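# Structural overview
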Amino acid sequence: MSSPFPATVRTMVDLSATDRDWLHQLIADWQVIADLSVSDLVLWARNASGRFVAIAHSRPSTGATVHSEDVMGRRMPSSREAVALETLTSGRRQVAADPLWTGTVAVREEYVPVVRDGRAIAVITRETAVGVIRGGRIIDQALEDVADSLCLMIAEGSFPIQGAGTSIRHGTPRVADGVVRLDGDGAILYASPNARSALHRLGLDQGLDQVQLAAAIADIIPERTQVDETLAVVLMGRQAWLTEVEAGGVYLSVRSLPLLQAGQRAGAILLVRDVTEIRRREQVLLNKDATIREIHHRVKNNLQTVSALLRMQGRRATNEETRRALKEAERRVAAIATVHEALSHNVDEQVDFDEVFASILRVAAVVATPVGQVTTRLEGRFGTIDADTAQALSTVLAELVTNAVEHGLENRDGTVTVQAHREGDDLTVHVIDDGVGVPPSAIMAGLGTQIVTTLVRGELNGTIDWRPAPGKGTDVVVRARLGRGRR
């Protein structure tokens, strides 16, 4: 696992790999404490000489920060190290006797030992501006109490909570979104104004004080509604996890953090967020993506039908030139259909062109070979290409491979090699055959060549060049600029 600390900080502190991992988990989830208490949290570890060094810092998103400057890598002032050392050696929380005056504000300092497996490995300072105002009033004591409980869990070695879910889809709840405090039986002891509003929108219209949240929400969820299997234990505060509840078209994202005291359950806090609009937008996008895939699927089916009709018409044609023209048209339609088939399986209008072209290469060589044995080879990678470019590029390359087989090899055994080299949006493709070569006077004469030249210059924003291949045969070089100057 990569370290959460900058390299310059890692070299300054003396921590084992397991200690670093524990601290990594801690700072992944300590923003909750900073937001609940409107405090800056600074994590301190000792270096080889015994000095405390700041290795992580979290600012509250619910109020003003104490440290506007970056404190990472700073050493703790000597005047504060005595309290920090006492905290580390005793494993008990300490509060500085007097507020620290920074020149602009008085700061209350609390020292919290970070304990893992019964041993203090670092110290957190929780630094709060005295008289902090949130929403026009003194900080909510209920939220401060929850922050104190979490700090106590850090000192007891039970926070961070092992196995807790700390990530979810877009819309993960935060302290500012809404906080609910539950007792040991899952009854509501406190709900912040934002949490009350979110629960009211969900359908809990009665008073929330002392309400069994899990039972109340179960009553408003319609029958036969599919719910997350973890919903009940999360709403009871029994499991540190994330879930979602939906009722009447309203979606709430809920995260549970069980609270422990001396290893015993002491209730939980729930972070709740109304994510209705987020889920509605996601559903709109999903519907749009499904519609786009369906369109590509139907276009592919229609193109395959056209290809089959051209093939049938070609078999009935009595004129060789007509039969050849219908065969070429069938091949071009089939190449475009292959791209739409790939697009029907994804949602971002991008195709893995290596996979698409492998199929086109085989078909183009087989269709163009009435006699003789032709081997095809693909070297290099095209990568992912947008839909419009993929259609033009597939048509161009299918045409060049067919021309190489029909005119370069002239019904004899041989090899057609396609080499792709891509650097960013710049793509260079060589279509090489080991046949007799194409006389310069024949180039740009046929309909297929004109189609290729038009697509390369117009759709691919590139150039095309015919030249003798090393040894024998022809090397057709296509240079394209993918995604640039699209018209």
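Okay, so let's go over this structure. On a predicted model such as this, the values are computed, not experimentally measured, just so you know.

### Topic: the sheet that holds strand β9 (residues 179-182)
In spatial order, the strands read β10-β9-β13-β12-β11; together these 5 strands make up an open sheet with antiparallel pairing. The open sheet has two free edges, formed respectively by β10 (188-191) and β11 (242-247), since each of these has just one partner strand. Each adjacent strand pair in this sheet contributes to an overall mean axis angle of 25°, direction not counted. Alignment of β11 against strand β12 (residues 250-261), held across 6 bridges, turns out to be antiparallel. Across the sheet, residue Ala247 finds its bridge partner in β12, namely Val250. In the packing of helix α6 (residues 193-202) onto the sheet, contacts are made with β9, β10, β11, β12 and β13 (264-274), and the angle to β12 comes to roughly 130°.

### Some remarks on the nonpolar core
If you look at the biggest cluster of nonpolar residues, it comprises 40 residues, and the most contacted ones within it are Leu23, Leu26, Leu36, Leu43, Val114, Ile124 and Leu150. It is helix α5 (residues 141-156) that contributes the most residues to this core, 8 residues altogether. Those residues in contact with Ile124 that sit more than four places away from it in its chain are Leu26, Trp30, Leu41, Val42, Leu43, Glu110, Tyr111, Val112, Val114 and Ile154. In this structure, Val374, Ala404, Val478 and Leu482 belong to the second largest nonpolar core, which totals 36 residues.

### Comments concerning unusual backbone geometry
Residue Pro160 is reached from Phe159 by a cis peptide bond, and omega for that bond is 15°. The topology assignment puts Pro160 in the loop between α5 and β9. At Val38, a residue that is not glycine, the phi angle is positive and equals roughly 50°. Non-glycine residue Asn461 carries a positive phi angle of around 50°. Within the fold, Asn461 resides in the loop between α13 (447-458) and β19 (463-468).

### Let's talk about the sheet that holds strand β20 (residues 474-481)
Strand order in the open sheet made by the 5 strands is β15-β17-β18-β20-β19, with mixed pairing throughout. Only two strands of the sheet have a single partner each, and these edge strands are β15 (374-380) and β19. Strand-to-strand twist across the sheet, computed as the mean angle between neighbouring axes with direction ignored, equals 15°. Pairing of strand β17 (residues 414-423) with strand β18 (residues 426-433) involves 8 bridges; the strand directions are antiparallel. Within β18, the position partnered with Val416 by the bridge is Asp433.

### Focus on the pattern of salt bridges
Pairing of side chains with opposite charge becomes possible as their charged atoms draw close. All told, the structure shown has 21 salt bridges when counted by the stated rule. We note a salt bridge from Glu110 to Arg126, for which the minimum N-O separation is 2.5 Å. You can see Glu110 sitting in strand β5 (residues 106-116) and its partner Arg126 sitting in strand β6 (residues 119-129), a full 16 residues away along the chain. Comparing Glu110 with Arg126 shows no difference in burial state: the two are buried. Of the charged contacts, one joins Asp274 and Arg201 as a salt bridge, the two residues approaching to 2.7 Å between their closest N and O atoms. One end of the pair, Asp274, is in strand β13; the other, Arg201, is in helix α6, with 73 residues separating them in the sequence. By relative accessible area, Asp274 is classed as partly exposed at 25%. Overall, Arg201 belongs to the partly exposed group, its relative accessible area being 46%. The structure contains a network of salt bridges with shared partners spanning Arg93, Glu110, Arg126, Glu144 and Asp148.

### A closer look at the packing of aromatic side chains
On inspection of all chains with the given rule, the structure shows 1 aromatic pair. Where Phe353 meets Phe382, the ring centres are 5.0 Å apart and the plane angle is 70°; that geometry is what we call edge-to-face. With a gap of 29 residues between them, Phe353 in helix α11 (residues 353-367) and Phe382 in the loop between β15 and β16 (384-386) connect regions that are remote in the sequence. Residue class for Phe382 comes out buried when judged on its relative accessible area of 1%.

### Side note on the side chain of Arg181
Here Arg181 lies in strand β9. Buried within the structure, Arg181 lacks any salt-bridge partner; Asp145 is the closest side chain of opposite charge, at an N-O distance of 6.1 Å. Dropping the residues within four chain positions of it, Arg181 is found in contact with Val146, Ala187, Ile188, Leu189, Tyr190, Leu259, Ala266, Ala268 and Ile269.

Definitions and cut-offs
Residues numbered from 1 in each chain as written. Predicted model: local features only at pLDDT ≥ 70, side-chain atom pairs only at ≥ 80, totals over all residues. Heavy atoms only, no water. Pairing = 2+ DSSP bridges. Helix = DSSP H or I, 4+ residues; strand = E, 2+ residues; numbered from the N terminus. Axes fitted to C-alpha atoms, helices over the stretch in contact; angles between N-to-C directions. Contact = heavy atoms within 4.5 Å. Core = buried A, V, L, I, M, F, W, Y, C linked by side-chain atoms within 4.5 Å. Buried < 20%, exposed > 50% of the residue type's maximum accessible area, 1.4 Å probe, protein only. Salt bridge = Lys/Arg side-chain N within 4 Å of Asp/Glu carboxyl O. Phe/Tyr/Trp six-rings, centres within 6.5 Å; stacked < 30°, edge-to-face > 60°. Lys, Arg positive; Asp, Glu negative; His and termini not counted.

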